[in-house]
Amino acid sequence: MINVLKQNSNYSIIVNYTTKELTEMGYTQDEIIAMKSIGIYDEITIRTNN
């Protein structure tokens, strides 16, 4: 899961949630370990239904 910090019509600034934040959202430790995280130079494409 990613956290969108800021966005406009062209770009978004995103970060990974911390383990503490994910735990507070109700995810188990096993689910958190299995999640993929974003890294530098990752490209993320968002599909919209416009």
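Fair warning: this is a prediction, and the values are worked out from it, not measured in the lab.

Rules behind the numbers
Residues numbered from 1 in each chain as written. Predicted model: local features only at pLDDT ≥ 70, side-chain atom pairs only at ≥ 80, totals over all residues. Heavy atoms only, no water. Helix = DSSP H or I, 4+ residues; strand = E, 2+ residues; numbered from the N terminus. Rg over C-alpha atoms; globule rule 2.2 N^0.38 Å. Buried < 20%, exposed > 50% of the residue type's maximum accessible area, 1.4 Å probe, protein only. Contact = heavy atoms within 4.5 Å. Areas by Shrake-Rupley, 256 points an atom, 1.4 Å probe, with all protein chains shown as cover. Lys, Arg positive; Asp, Glu negative; His and termini not counted. Charge placed at Lys NZ, Arg CZ, Asp CG, Glu CD. Pairing = 2+ DSSP bridges.

A. Quick look at the overall build of the protein chain. The number of helices and strands found in the protein chain is two helices and two strands. Reading the helices (α) and strands (β) of the protein chain from amino to carboxyl end gives β-β-α-α. Taking 50 residues into account, the globule formula puts the C-alpha radius of gyration at 10 Å, and the protein chain, at 13 Å, lies well above it. For the C-alpha atoms alone, the extent of the protein chain along its principal axes is close to 35 × 25 × 20 Å. Burial statistics for the protein chain: of 50 residues in total, 6% are counted as buried. Pairs at least 24 residues apart make up 19% of the contacts formed inside the protein chain by residues separated by at least 6 positions. If you sum the accessible surface of the protein chain, you get close to 4900 Å²; carbon and sulfur atoms cover 50% of it. Side-chain charges of the protein chain comprise 4 positive and 6 negative groups, with the mean position of each set lying 7 Å from the other.

B. Here's a closer look at the environment of Lys6. By the secondary structure assignment, Lys6 is in strand E1 (residues 2–7). With sequence-adjacent residues up to four places away left out, Lys6 is seen in contact with Tyr11, Ser12 and Ile13.

C. Structural view of the pairing of E1. Where E1 lies against strand E2 (residues 12–16), five bridges are found, and the strand directions are antiparallel. Residue pairing across strands places Gln7 opposite Ser12, the latter belonging to E2. What sits between E1 and E2 in their antiparallel hairpin is a turn of four residues.

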